[in-house]
Amino acid sequence: MRAPQGYAVWAGDRVTECDTFTCGHCQRVVFVPPKADPADLGGLCKQCMSLTCPRCTAAMRCVPFELALERAEASDRLRRSVL
Amino acid sequence: MARYNVELRRTASTTASVGSITADATRPLRMKLYYLLVGSEATPADNPFLWRVRRCTAAGTSTAVVPTILDPGDLVTEQDAGENHTVEPTYTSNTECLVIPLHQRATFQWNAAPGREIVTPATASNGVGLETPVGATVVVAASLQFEV
């Protein structure tokens, strides 16, 4: 994979290695075996230009994870200020 | 950013988590999980395991584990880590970050590239939990490294 975003190693009877990428929307780690069909791995979100997992690709919504983080933290700060 | 290592260990259970790392309830910080190592130290046997890292919003009840500082110049972290849960963390549905099928005799490692870590929000008690929804009742261990 060009510019992998992670690396996974299984070490048992034999060693298996593969690249990974992290979904830009939900942060799921997707394993990319060598010679994998790109259609099976998810897609590329054309709004935030990040690789996405199959579930987020099928959802067809762009909510970058950084935005989700900011929303969760803002909600927590609001609840804390009320309490 | 400071980096830490947490070692989690328990007798695997399909209904109880191996461990969790969550933000402090009063001083939450964003955490970036960048390394994971899982395996079993038990007598080798042919058992399938499924490891799962999932987001949680509460830590549940567990045995406290103090994260190890990787750089002695850094301060002790405020993140809360625990192993051997008796009360499960409050998991959020459909938030599996990492799902690993693994044979008991094998080990698995995952390294994230900089900028592609699993990030948890700076929200009280939010974090990730490590589960074995499929597995045998043998001792399993995991090592997680994160930066705050």
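Each remark here, short or long, concerns the structure printed above.
What counts as what
Residues numbered from 1 in each chain as written. Chains lettered and ligands numbered in written order. Predicted model: local features only at pLDDT ≥ 70, side-chain atom pairs only at ≥ 80, totals over all residues. Heavy atoms only, no water. Contact = heavy atoms within 4.5 Å. Buried area = accessible area lost by both parts, 1.4 Å probe. Salt bridge = Lys/Arg side-chain N within 4 Å of Asp/Glu carboxyl O. Polar contact = N/O pair within 3.5 Å; in protein donor to acceptor, adjacent residues only side chain to side chain. Helix = DSSP H or I, 4+ residues; strand = E, 2+ residues; numbered from the N terminus. Nonpolar A, V, L, I, M, F, W, Y, C, P; charged D, E, K, R; others polar. Pairing = 2+ DSSP bridges. Buried < 20%, exposed > 50% of the residue type's maximum accessible area, 1.4 Å probe, protein only. Core = buried A, V, L, I, M, F, W, Y, C linked by side-chain atoms within 4.5 Å. Phe/Tyr/Trp six-rings, centres within 6.5 Å; stacked < 30°, edge-to-face > 60°.

Q: What is the right way to look at the interface of chain B and chain A in this model?
A: By convention, interface size is frequently given as the accessible area that disappears when the constituent parts associate. With 31 residues of chain B at the interface, the matching set in chain A holds 25 residues. Of the roughly 2,100 Å² buried where chain B meets chain A, counting both sides, 46% is carbon and sulfur surface. Ranking the residues of chain B by area buried against chain A places Arg30, Arg116 and Thr123 of chain B at the top, with a combined share of 24%. Our count for the contact surface shared by chain B and chain A stands at four salt bridges. The partner of Glu96 of chain B in a salt bridge is Arg28 of chain A, with the nearest N and O atoms 3.4 Å apart. Taken together, chain B and chain A are joined by 16 residue pairs in polar contact (both at pLDDT 80 or more). Of all the secondary structure elements, the ones that give two or more residues to the side of chain B that touches chain A are β8 (90–103), β9 (107–112) and β10 (118–120) of chain B. The element contributing the most residues to the side of chain B that touches chain A is β8 of chain B, with eight residues. For the side of chain B that touches chain A, the per-class residue count stands at 18 nonpolar, seven polar and six charged. With six bridges connecting them, strand β1 (residues 6–11) of chain A and β9 of chain B associate as antiparallel partners.

Q: What is the right way to read the side chain of His85 of chain B from this model?
A: Residues and elements named next belong to chain B. The residue His85 is located in strand β7 (residues 80–87) in this model. The class for His85 is buried, based on a relative accessible area of 2%. A polar side-chain atom of His85 sits 3.2 Å from a polar atom in the side chain of Ser20. Excluding residues that lie within four positions of it along the chain, His85 makes contacts with Arg10, Ala16, Ser17, Val18, Gly19, Ser20, Ala59, Thr61 and Ser62.

Q: How should I be thinking about the pattern of salt bridges in this particular structure?
A: Pairs may arise between side chains of opposite charge once their charged atoms sit close together. Summed over the entire model, instances satisfying the criterion amount to 11 salt bridges over all chains. Arg80 of chain A is paired through a salt bridge with Asp76 of chain A; the nearest N and O atoms lie 3.0 Å apart. Highlighted residues: Arg80 of chain A and Asp76 of chain A, both in helix α2 (residues 65–82), separated by four residues, approximately one helical turn. Among the ionic pairs, Arg52 of chain B bridges to Glu131 of chain B, the shortest N-O distance being 3.0 Å. Here Glu131 of chain B lies in strand β11 (residues 127–134) and Arg52 of chain B lies in strand β4 (residues 48–58), a separation of 79 residues in the sequence. Here Arg52 of chain B and Glu131 of chain B have matching classes, each one buried. A cluster of three or more residues bridged by salt bridges with shared partners is formed by Arg28 and Arg55 of chain A together with Glu96 of chain B.

Q: I would appreciate a short explanation of the nonpolar core in the present structure.
A: Across soluble globular proteins, nonpolar side chains have a tendency to be buried as a group. Within the largest apolar cluster, 41 residues are counted, with the highest numbers of intra-cluster contacts made by Leu36, Trp51, Phe108 and Leu130 of chain B. Considering every element that reaches this core, the biggest residue donor is strand β3 (residues 31–40) of chain B, with six residues. Beyond its immediate sequence surroundings of up to four residues, Leu130 of chain B is in contact with Leu8, Ser17, Val18, Gly19, Val38, Trp51, Arg52, Val53, Tyr91, Ala142 and Leu144 of chain B. Counting seven residues, the second-largest nonpolar core is a separate cluster that includes Val30, Val32, Leu41 and Cys56 of chain A.

Q: What is the right way to read the environment of Glu7 of chain B from this model?
A: All names here are of chain B. Of note, Glu7 is situated in strand β1 (residues 3–11). For Glu7, a relative accessible area of 42% corresponds to the partly exposed category. As for Glu7 and Gly82, which are separated by 75 residues in sequence, their C-alpha atoms are 9.2 Å apart. Ignoring sequence-local partners within four residues, the contact set of Glu7 consists of Val65, Glu83 and Ala142. Among the polar contacts made by the side chain of Glu7, one reaches the side chain of Arg9 at a distance of 2.8 Å.

Q: Looking at this structure, I do not really get the packing of aromatic side chains. What am I missing?
A: Any aromatic ring pair is given by two values, namely how distant the centres are and how the planes are angled relative to each other. The full count for this structure, using the stated rule, is five aromatic pairs over all chains. With a centroid separation of 5.1 Å and an interplanar angle of 55°, the aromatic rings of Trp10 of chain A and Phe31 of chain A are classed as tilted. One end of the pair, Trp10 of chain A, is in strand β1; the other, Phe31 of chain A, is in strand β3 (residues 29–32), and 21 residues separate them in sequence. Using a relative accessible area of 17% as the deciding quantity, one classes Trp10 of chain A as buried. Members of the aromatic cluster, joined through ring pairs, are Trp10 and Phe31 of chain A together with Phe108 of chain B.

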